[in-house]
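Residue-level structure breakdown
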Amino acid sequence: MYDQSNTRKKGPVHGWKEPAVSPVVGIMLMLTVTLILAAIISGFTGGIAKSQQKPPQLLFEASMVNDTATPANSFLEIRVISVSEGIHTSDLKLQTEWKNQSKQTNRCVIIPNFVNADGKTYPLGYGPGVQSGDGSSNFGNYTLLAGTRMNVNNSVTTSMDAVLTQYWDQSPGGITDGTPIRIQFVHVPSGSIIADKEITAET
């Protein structure tokens, strides 16, 4: 006898006449999604690795004297002790900060090749990493190496103003004996502070 309880025709392999999605199409879709995700993850991790590159290291000493008896002898000098690699000053910002007797903050940010009133960019560089030639000692034109000196002195009054603000020698309210002065070097490409030191002024 003919059994009419199951009259649906079955396909030769999958049991139904027409499968919903071809296995080949499914595999291709999976491969496409995998490749897209791999590209996104690769780009993301590559960007993180690039942004996490270590900035150079810098160690320095500094001293500042405000000679009220002979103002022309006043100076600020920074001496590079060591660097992990030569650091060109075009990649740096120099920041100074100090407070007067009224606790008001005076802050100065020195950027490379920002020309001062006398046509120079302070602090000027001397020694290793400073080439001979007109303008080579301007901040932004020399490289910091072990032994490089950076200097401003009050024989050019505007040089001290350019690095410590124009209020540094005011009386009262300027830098006096024992005034803390904070000096920071910022590595612009990485956005990192690579050196941070507080010194004490002398008179």
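1. Points about the pairing of strand β9 (residues 180–187)
For β9, a buried count of 6 out of 8 residues is recorded, marking the element as mostly surrounded by other parts of the structure. Two elements, strand β4 (residues 92–99) and β9, share 7 bridges in a ladder whose sense is antiparallel. When the sheet's bridge partners are listed, Thr96 is paired in β9 with Ile183. Pairing analysis gives 8 bridges linking β9 to strand β10 (residues 192–200), with the strands arranged antiparallel. Following the sheet pairing, Arg182 is matched in β10 by Glu198. Between β9 and the antiparallel strand that follows it, β10, lie 4 residues; Gly191 among them carries a positive phi value of about 70 degrees.

2. Considering the sheet that holds strand β2 (residues 75–83)
Note on sheets: strands pair through backbone hydrogen bonds, and any given pair is parallel or antiparallel. One open sheet holds the 4 strands; their spatial order is β1-β2-β8-β6, and the pairing between them is antiparallel. Lying at the two open borders of the sheet, with one neighbouring strand each, are β1 (58–65) and β6 (124–126). Neighbour to neighbour, the strand axes of the sheet diverge by 25 degrees on average, direction disregarded. Sheet strands in contact with helix α2 (residues 157–164) are β1, β2 and β8 (149–153), and its direction is about 115 degrees off that of β8.

3. A look at unusual backbone geometry
Cis geometry is found at the peptide bond from Tyr122 to Pro123, where omega equals 5 degrees. Tracing the backbone shows Pro123 in the loop between β5 (105–110) and β6. In the segment running from Ser171 into Pro172, the intervening peptide bond is cis, with an omega of -5 degrees. Mapped onto the elements, Pro172 comes out in the loop between α2 and β9.

4. Details of the sheet that holds β4
Ordered by their spatial adjacency, 4 strands build an open sheet running β5-β4-β9-β10, and the pairing between neighbours is antiparallel. Two strands lie at the open edges of the sheet, namely β5 and β10, each paired on one side alone. Between one strand axis and the next, the sheet turns by 15 degrees as a mean value, whatever way the strands run. Contacts from α2 reach β4, β5 and β9 within the one sheet, and its direction differs from that of β5 by about 105 degrees.

5. Notes on the packing of aromatic side chains
Applying the stated criterion to the full structure yields 2 aromatic pairs. Taken together, a centroid distance of 5.2 Å and an interplanar angle of 70 degrees make the contact between Phe60 and Phe185 edge-to-face. Of this pair, Phe60 sits in strand β1 while Phe185 sits in strand β9, placing them 125 residues apart in sequence. Where Phe139 meets Tyr142, the ring centres are 6.4 Å apart and the plane angle is 70 degrees; that geometry is what we call edge-to-face.

6. Points about the confidence of the model for the protein chain
Across the protein chain, the average pLDDT comes to 86, with 84% of residues at 70 or higher. Taken element by element, the predicted model of the protein chain shows its lowest mean pLDDT in helix α1 (residues 23–51) (71) and its highest in strand β7 (residues 143–144) (98).

7. Notes on the side chain of Thr121
Among the secondary structure elements, Thr121 is positioned in the loop between β5 and β6. Judged by relative accessible area, which is 2%, Thr121 ranks as buried. For Thr121, the side chain forms a polar contact with the main-chain oxygen of Phe114, separated by 3.4 Å. Those residues within four positions of Thr121 in sequence are excluded, and the remaining contacts are Ile111, Pro112, Asn113, Phe114, Val115, Asn138 and Phe139.

Conventions and cut-offs
- Throughout, a residue's number is its position along its own chain's written sequence, starting from 1.
- Local features in this predicted model are restricted to residues of pLDDT 70 or higher, and side-chain atom pairs are both shown and tallied only at a pLDDT of 80 or more, whereas totals for entire chains, interfaces and linings draw on every residue.
- Processing note: side-chain calculations cover all non-hydrogen atoms of the structure and skip hydrogens and water entirely.
- A 1.4 Å probe rolled over the protein chains alone gives each residue an accessible area, and that area as a share of the maximum for its type sets the label: buried under 20%, exposed over 50%, partly exposed in between.
- Strands here mean DSSP runs of E at least two residues long; helices mean DSSP runs of H or I at least four residues long; both are numbered from the N terminus.
- Following DSSP output, two strands are said to pair if at least two bridges run between them.
- Each axis is a line fitted through C-alpha atoms, taken for helices only over the stretch in contact, and angles between the N-to-C directions span 0 to 180 degrees.
- Contacts are assigned to residue pairs that have any heavy atoms within 4.5 Å of one another.
- Geometry of aromatic contacts follows a simple scheme: Phe, Tyr and Trp rings, the Trp one being its six-membered ring, pair when their centres are within 6.5 Å, and the pair is stacked under 30 degrees between planes, edge-to-face over 60, tilted otherwise.
- Confidence of the prediction at every residue is given by pLDDT, a number between 0 and 100.
- For this analysis, a polar contact is any N or O atom pair within 3.5 Å, provided that within protein one partner can donate a hydrogen and the other can accept it, and provided that sequence-adjacent residues contribute only side-chain to side-chain pairs.

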